[in-house]
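Structure at a glance
Listed below, chain by chain, are the residues.
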Amino acid sequence: LNNIAVLTSGGDAPGMNAAVRAVVRTGIYHQLNVYGIMYGYRGMLKNEIFPMESKSVANIIQRGGTILKTARCKEFYEYEGRKKAYENLKKHNIDGLVVIGGDGSFNGAQKFSQEFDIPCIGLPGTIDKDIAGTDSTIGFDTAVNTAIEAIDKIRDTADAHDRLFVIEVMGRDAGYIALHSGISTGAEHILLPERKTEVNDIIEELQANERRRKLVNLIVVAEGDETGGAAEVGRIIKERCPQLDTRVCILGHIQRGGAPSCTDRILASRMGYAAVDALLEGIHNVMIGIVNDKIHYTPLDKAVKAKQEIDPEWFKIVKILAS
Ligand code: ADP
């Protein structure tokens with residue numbers, strides 16, 4: 001192993017920079033040449049590949065986003081596109097690739113590593129935490145903390161006006177951000193894609209709450225909940241409970257930005273270090289995860305989107321603690 005490259009791909013997540021930094025500095029420590037690739041697979045196809053030094057990653061551990069930029073790349077779905085990308089890597093004699101991204105990016109890396117002789121290592125970077133083979137993903141902890149900060153602020157104004165707020169957090173396929181932020185902010189209800197919620201039950205509870213003068217209610221909805229997101233939940237509540245002062249707030253992209261939390265910086269640093277370590281050890285085509293605080297390898301083709309069962313006990317906790 002002499003020359004490795006690193007890229008960020010797919011949806012961005014806070015902590016990706018800390019991971020890039022760890023890959024670059026660990027590579028340099030082991031006397032490897034480290035290249036950065038701009039804009040994910042698109043940059044691989046367009047030969048946007050440049051050598052990185054230790055100072056290229058100075059002053060980025062605390063920054064959100066990704067200095068390598070990210071993109072989606074249609075051509076990489078096709079063999080011809082991947083071949084072009086391979087030829088560009090070969091021009092720089094790259095013999096190892098670290099891909100920081102989500103399950104889509106790992107699918108691409110898996111195909112690429114099967115077709116060509118460049119080993120790939122994946123690092124899970126996504127705020128959604130829905131990847132098999134790791135207890136958490138780079139970006140989740142920061143995103144959930146951003147959501148908590150925002151919801152706390154909403155609670156202040158909800159309390160001042162006795163309002164009901166329906167708040168939408170990110171999570172198209174997975175409800176971890178909703179579950180964690182909802183429990184942490186004392187939400188009365190949490191709606192997730194993993195579990196069907198009867199809006200009727202919520203309405204009945206709201207009416208009961210009103211009878212006992214519990215007027216401040218927070219309902220946290222993951223964007224992928226099948227009722228149709230916060231806008232739809234809010235619409236139904238307004239229609240059925242016109243006497244309540246109901247507002248809808250969609251947190252949106254603020255959840256993807258900002259300085260990564262301590263947990264995400266450490267996760268990214270450990271994973272970036274482990275990625276280079278794996279390449280040096282000859283461990284190829286795996287995703288690096290951390291399971292029970294230990295580095296865990298998952299073959300790239302098994303590093304898929306994983307909708308884990310959410311233990312029903314969580315919902316009991318939500319109900320009891322918010323009652
Ligand atoms: P994420 O990595 O966040 O899940 P995407 O699903 O958009 O994001 O994947 C990022 C990129 O990875 C895509 O734009 C594409 O270039 C590549 N990719 C995704 N799936 C495949 C696939 N099945 N085959 C080849 N490349 C893929």
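Not measured: the values here are computed from a predicted model.

**Here we look at the sheet that holds strand 11 (residues 294-299)**
Pairing within the open sheet is mixed, and its 7 strands lie in the order 3-2-1-4-5-10-11. Whereas interior strands pair on both sides, the edge strands pair on one side only; in this sheet they are strand 3 (49-52) and strand 11. Strand after strand, the sheet turns through a mean of 30° between neighbouring axes, direction not considered. Both strand 2 (residues 33-37) and strand 3 contribute to a ladder of 4 bridges, which runs antiparallel. If you follow Val-34 over to strand 3, its bridge partner there is Met-52. Its contacts with the sheet place helix 1 (residues 16-29) against strand 1 (3-8), strand 2, strand 3, strand 4 (96-101) and strand 5 (120-124), and it is angled at close to 175° to strand 1.

**Points about the environment of Gly-108**
One can find Gly-108 in helix 4 (residues 103-115). By relative accessible area, Gly-108 is classed as buried at 12%. Expressed as a C-alpha distance, the spacing of Gly-108 and Asp-301, which sit 193 residues apart in the sequence, is 9.8 Å. Residues in contact with Gly-108, not counting those within four places in the same chain, are Tyr-41, Phe-76 and Arg-82.

**So, the sheet that holds strand 8 (residues 217-222)**
Ordered by their spatial adjacency, 4 strands build an open sheet running 7-8-6-9, and the pairing between neighbours is parallel. If you trace the sheet from one side to the other, it starts and ends with strand 7 (189-191) and strand 9 (246-250), each paired once. Taking the axes of each pair of neighbouring strands and ignoring which way they run, one obtains an average angle of 15° across the sheet. As judged from the 3 bridges shared by strand 7 and strand 8, these two strands associate in the parallel manner. Pairing of His-189 across the sheet is with Ile-219, part of strand 8. Helix-sheet contacts for helix 5 (residues 140-161) involve strand 6 (164-169), strand 8 and strand 9, and the interaxial angle to strand 6 is about 165°. Where helix 6 (residues 176-184) meets the sheet, its contacts fall on strand 6, strand 7 and strand 8, and the angle it forms with strand 7 comes to roughly 175°.

**With respect to the site of the ligand**
Arg-72, Cys-73, Gly-102, Gly-104 and Ser-105 are the nearest of the 16 residues found near the ligand. Asp-103 is positioned with one of its side-chain polar atoms (N or O) 3.4 Å from an oxygen atom of the ligand. Side-chain polar atom of Lys-111 to a nitrogen atom of the ligand: 3.1 Å apart, as the coordinates give it. About the coverage of the ligand: the protein hides 86% of its 550 Å² of free accessible area. The leading source of residues in the shell around the ligand is helix 4, at 6 residues. Taken together, the residues that form the shell around the ligand break down as 4 nonpolar, 8 polar and 4 charged.

**A few points about the environment of Leu-192**
If you trace the backbone, Leu-192 turns up in the loop between strand 7 and helix 7 (199-211). When the C-alpha positions of Leu-192 and Tyr-176 are compared, they lie 8.3 Å apart, and in sequence the two are 16 residues distant. Every residue in contact with Leu-192, bar those within four places of it in the chain, is listed here: Gly-175, Ala-178, Leu-179, Ala-222, Asp-225, Ile-310 and Phe-315.

**Let's talk about the pattern of salt bridges**
Considering all chains together, one arrives at 15 salt bridges under this definition. Put simply, Lys-83 and Glu-87 hold a salt bridge, and the shortest N to O gap is 3.5 Å. Placement of the pair is Lys-83 and Glu-87 together in helix 3 (residues 79-91), with a separation of 4 residues, close to one helical turn. Assessed through its relative accessible area of 31%, Lys-83 is described here as partly exposed. Ionic pairing is found between Lys-305 and Asp-173, a salt bridge with its closest N-O pair at 3.3 Å. Here Lys-305, found in the loop between strand 11 and helix 10 (313-321), pairs with Asp-173, found in the loop between strand 6 and helix 6; they are 132 residues apart in sequence, far enough to count as distant. Relative accessible area serves as the criterion here: at 35%, Asp-173 is assigned to the partly exposed category. The network of salt bridges with shared partners includes Asp-103, Asp-130, Asp-173 and Lys-305.

So, how was this worked out
Residues numbered from 1 in each chain as written. Predicted model: local features only at pLDDT ≥ 70, side-chain atom pairs only at ≥ 80, totals over all residues. Heavy atoms only, no water. Pairing = 2+ DSSP bridges. Helix = DSSP H or I, 4+ residues; strand = E, 2+ residues; numbered from the N terminus. Axes fitted to C-alpha atoms, helices over the stretch in contact; angles between N-to-C directions. Contact = heavy atoms within 4.5 Å. Buried < 20%, exposed > 50% of the residue type's maximum accessible area, 1.4 Å probe, protein only. Near = heavy atom within 4 Å. Polar contact = N/O pair within 3.5 Å; in protein donor to acceptor, adjacent residues only side chain to side chain. Areas by Shrake-Rupley, 256 points an atom, 1.4 Å probe, with all protein chains shown as cover. Nonpolar A, V, L, I, M, F, W, Y, C, P; charged D, E, K, R; others polar. Salt bridge = Lys/Arg side-chain N within 4 Å of Asp/Glu carboxyl O.

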